[in-house]
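Analysis of the macromolecular model
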Amino acid sequence: MAKPVCLISGVGPGTGSALARRFAEGGYRPAMIARNAERLEALEKEIDGSKAYVCDVTDETAVNETVAALVKDMGQPEILIHNAVGGTFGDFMEIDPADLQRNFNINSMGFLYLARACAPAMVEAGHGVIIASGNTSALRGKPNFAGFAPTKAAQRILAESMARTLGPQGVHVAYIVIDAVIDLAWTREMMPDANDDYFIQPASIADTAFNIAEQDPSGWSFNVELRPFGEVW
């Protein structure tokens with residue numbers, strides 16, 4: 001039998017790539033979605049069983065066409081992880097309102113489009129997993145996160161609504177709150193004086209997502225928080 005398919009959006013150099021590697025190691029075939037074709041092609045060559053699809057998750061038609069294509073190529077996804085993210089820093093007077101709308105389209109509407117494309121087959125099969133990668137902004141609105149926090153809060157509430165609808169039908173929906181700065185090249189450049197303990201590793205996030213996906217139905221998690229041991233919270 002073919003290995004099950006895990007669809008991952010927002011496959012970039014950090015968390016998205018780590019998710020693809022972890023689920024491939026765990027016996028899944030990653031279907032990787034992003035806008036950067038060059039990066040996807042490189043990952044497709046690196047990760048056995050993976051397949052890359054260029055797609056803008058803010059375009060509902062493109063999402064539906066992409067999911068249809070990957071279903072034809074690989075089969076129905078048993079796992080969906082929405083990792084694509086849009087963010088803008090600044091208080092409510094400083095941000096461009098158009099940026100808030102763009103971030104909402106990526107974080108919340110993209111999640112909605114992907115879930116609507118994948119959930120019916122999961123319900124029909126009687127099992128499946130849908131995970132959104134979020135962060136602390138989903139729980140609070142700090143001054144400089146006005147262009148970002150409202151969209152992540154909406155994303156978390158949307159995930160909770162999905163969980164209440166899909167859970168009784170056998171589909172596990174979970175939300176990962178990442179209360180940390182992810183260890184990436186640009187975050188290191190932004191915080192050159194921070195020590196290693198300040199950052200969360202993308203592989204750690206991927207391990208948690210994999211563990212959530214493998215949970216027994218008698219003990220499902222919804223809101224899962226992650227932070228480095230040195231994080232003040």
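What comes next is a walk through the structure. Values in this document were obtained by computation on a predicted structure and should not be read as measured data.

**A short note on the pattern of salt bridges**
- As enumerated under the stated definition, the model contains seven salt bridges in all.
- The partner of Arg188 in a salt bridge is Asp183, and the shortest N-O contact between them spans 2.8 Å.
- When its relative accessible area of 25% is taken as the criterion, Arg188 is described as partly exposed.
- Several salt bridges share partner residues, and in doing so they unite Asp179, Glu225 and Arg227 into one network.

**Comments concerning the state of the cysteines**
- Counted under the stated rule, the structure contains zero disulfides.
- A disulfide-free cysteine, Cys55 has its sulfur positioned 11 Å from the sulfur of Cys118, the nearest such atom.
- Cysteine Cys118 shares no disulfide, and the gap to the nearest cysteine sulfur, in Cys6, comes to 10 Å.

**Remarks on the sheet that holds strand E3 (residues 51-54)**
- Here we have seven strands laid out as an open sheet, ordered E3-E2-E1-E4-E5-E6-E9, and parallel in their pairing. Each edge of the open sheet carries a strand with a single partner, namely E3 and strand E9 (223-226). Neighbour to neighbour, the strand axes of the sheet diverge by 20° on average, direction disregarded.
- Together, strand E1 (5-9), strand E2 (29-34), strand E4 (77-82), strand E5 (128-135) and strand E6 (171-178) form the strand contacts of helix H4 (residues 97-125), whose direction differs from that of E4 by roughly 170°.
- Against the sheet, helix H5 (residues 149-166) engages E4, E5, E6 and E9, with an angle of about 155° to E6.

**Section: the environment of Gly10**
- Among the structural elements, Gly10 can be located in the loop between E1 and helix H1 (15-25).
- You can call Gly10 partly exposed: its relative accessible area is 24%.
- Expressed as a C-alpha distance, the spacing of Gly10 and Tyr28, which sit 18 residues apart in the sequence, is 18 Å.
- Once you skip the residues sitting within four places of it in the chain, Gly10 turns out to touch Gly16, Ile33, Asn83 and Ala84.

**Some thoughts on the packing of aromatic side chains**
- Per the stated rule, a full pass over the model turns up six aromatic pairs.
- A ring pair is formed by Phe89 and Phe145, whose centres lie 5.3 Å apart and whose planes are at 80°; its orientation type is edge-to-face. In this pair, Phe89 sits in the loop between E4 and H4 while Phe145 sits in the loop between E5 and H5, placing the two residues 56 residues apart along the sequence.
- Residue Phe89 is classed as exposed on the basis of its relative accessible area of 56%.
- By relative accessible area, which is 24% here, Phe145 ends up partly exposed.
- For the pair Phe145 and Phe148, a centre-to-centre distance of 6.5 Å together with 40° between the ring planes defines the contact as tilted.
- Among the aromatic side chains, those forming a connected cluster through ring pairs are Phe23, Tyr28 and Phe210.

The rules behind each value
- Residues numbered from 1 in each chain as written.
- Predicted model: local features only at pLDDT ≥ 70, side-chain atom pairs only at ≥ 80, totals over all residues.
- Heavy atoms only, no water.
- Salt bridge = Lys/Arg side-chain N within 4 Å of Asp/Glu carboxyl O.
- Buried < 20%, exposed > 50% of the residue type's maximum accessible area, 1.4 Å probe, protein only.
- Disulfide = S-S within 2.5 Å.
- Pairing = 2+ DSSP bridges.
- Helix = DSSP H or I, 4+ residues; strand = E, 2+ residues; numbered from the N terminus.
- Axes fitted to C-alpha atoms, helices over the stretch in contact; angles between N-to-C directions.
- Contact = heavy atoms within 4.5 Å.
- Phe/Tyr/Trp six-rings, centres within 6.5 Å; stacked < 30°, edge-to-face > 60°.

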